[in-house]
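Given next are the chains, with one letter for each unit.
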Amino acid sequence: MNRGYFADMKEFKEHGGKIAAADKTLIPAVSAVKFPELAVTLSNGKVLKLPFTSSGIEVNKESFALPKVSLVCLSFRASSQEMISSWSKPFLDTFGDRKDLRVFEVSFIDKWLLGLAPIKNLLLRVLQKPKNNENSVLQRQAVYSFGDHYHFRKEIKVLNLLTGYILLLDKLGRIRWQGFGTATPEEVSQLLSCTSHLLEDQ
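As the structure is a computational prediction, the values presented were derived from the model and not from experiment. (Residues numbered from 1 in each chain as written. Predicted model: local features only at pLDDT ≥ 70, side-chain atom pairs only at ≥ 80, totals over all residues. Heavy atoms only, no water.)

### Description of the sheet that holds strand β3 (residues 69–75)
- One open sheet holds the seven strands; their spatial order is β2-β1-β5-β4-β3-β6-β7, and the pairing between them is mixed. The open sheet has two edge strands, β2 (47–50) and β7 (175–180), and neither has a second partner. Averaged over all neighbouring strand pairs, the angle between strand axes comes to 30°, with direction disregarded.
- Of the strand pairs in this sheet, strand β1 (residues 38–42) and β2 are connected by four bridges, and their pairing is antiparallel. In the sheet register, Val40 faces β2, and the bridge partner there is Leu48.
- Taken strand by strand, helix α2 (residues 81–95) contacts β3, β4 (101–109), β5 (140–146), β6 (164–170) and β7, and its axis lies near 165° from that of β4.
- With respect to the sheet, helix α5 (residues 185–201) is in contact with β3, β4, β6 and β7, its orientation differing from that of β6 by roughly 20°. (Pairing = 2+ DSSP bridges. Helix = DSSP H or I, 4+ residues; strand = E, 2+ residues; numbered from the N terminus. Axes fitted to C-alpha atoms, helices over the stretch in contact; angles between N-to-C directions. Contact = heavy atoms within 4.5 Å.)

This is how it looks when you write it as structure tokens:
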């Protein structure tokens, strides 16, 4: 977990961010691990906690209905933003009319200076992203996590910070599917299929 940038870059050049193939099927509920609790900040400065369950809400419940399934995309460096979009865009295109899903794109900001209140507030305004589709019920929610994330990364086994991590959570906050790096057409199909199955089971 103490790897440096150059070790990450060397590995990244070898696999392009694809540290492993995406899961082909859902991880069984009995063996699925819980997503570690993570405080994230919305662009308006409000805070919520992931996984997004009844015990983790610190914002208006009417605006944030509890989802049956959440797609959580983790980006530790700007280099992984396009990777994240390769998963979230087809997901939003497919399930855009669903009210029981959530998409969280989490950007991790570990520079202590950027976490200071005046700079943090300015940064959040600069980072505001437009909605993906005004007519879509399901919207991408860009959120930010500030500070040291060592223990969080250790719990979910994040090694290379240059790639993107895609997690599908059930309504109890358990990780039921994982993907990495840039999505292939086959992996997108697997994600969409696993999401449909998970919705049926909830």
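### Describing the pairing of β3
- Taking burial as the measure, the seven residues of β3 include seven buried ones, the bulk of the element.
- In β3, alternate side chains face the same way, and those of Val69, Leu71, Cys73 and Ser75 on one face and Ser70, Val72 and Leu74 on the other are all buried.
- You can see the chain leave β3, run along α2 and come back into β4, and the turn it takes is right-handed.
- Bridge count for β3 against β6 is seven bridges, and the pairing is antiparallel. By the bridge assignment, Cys73 is partnered in β6 with Ile166. (Buried < 20%, exposed > 50% of the residue type's maximum accessible area, 1.4 Å probe, protein only. Right-handed = clockwise from strand over helix to strand, strands pointing away.)

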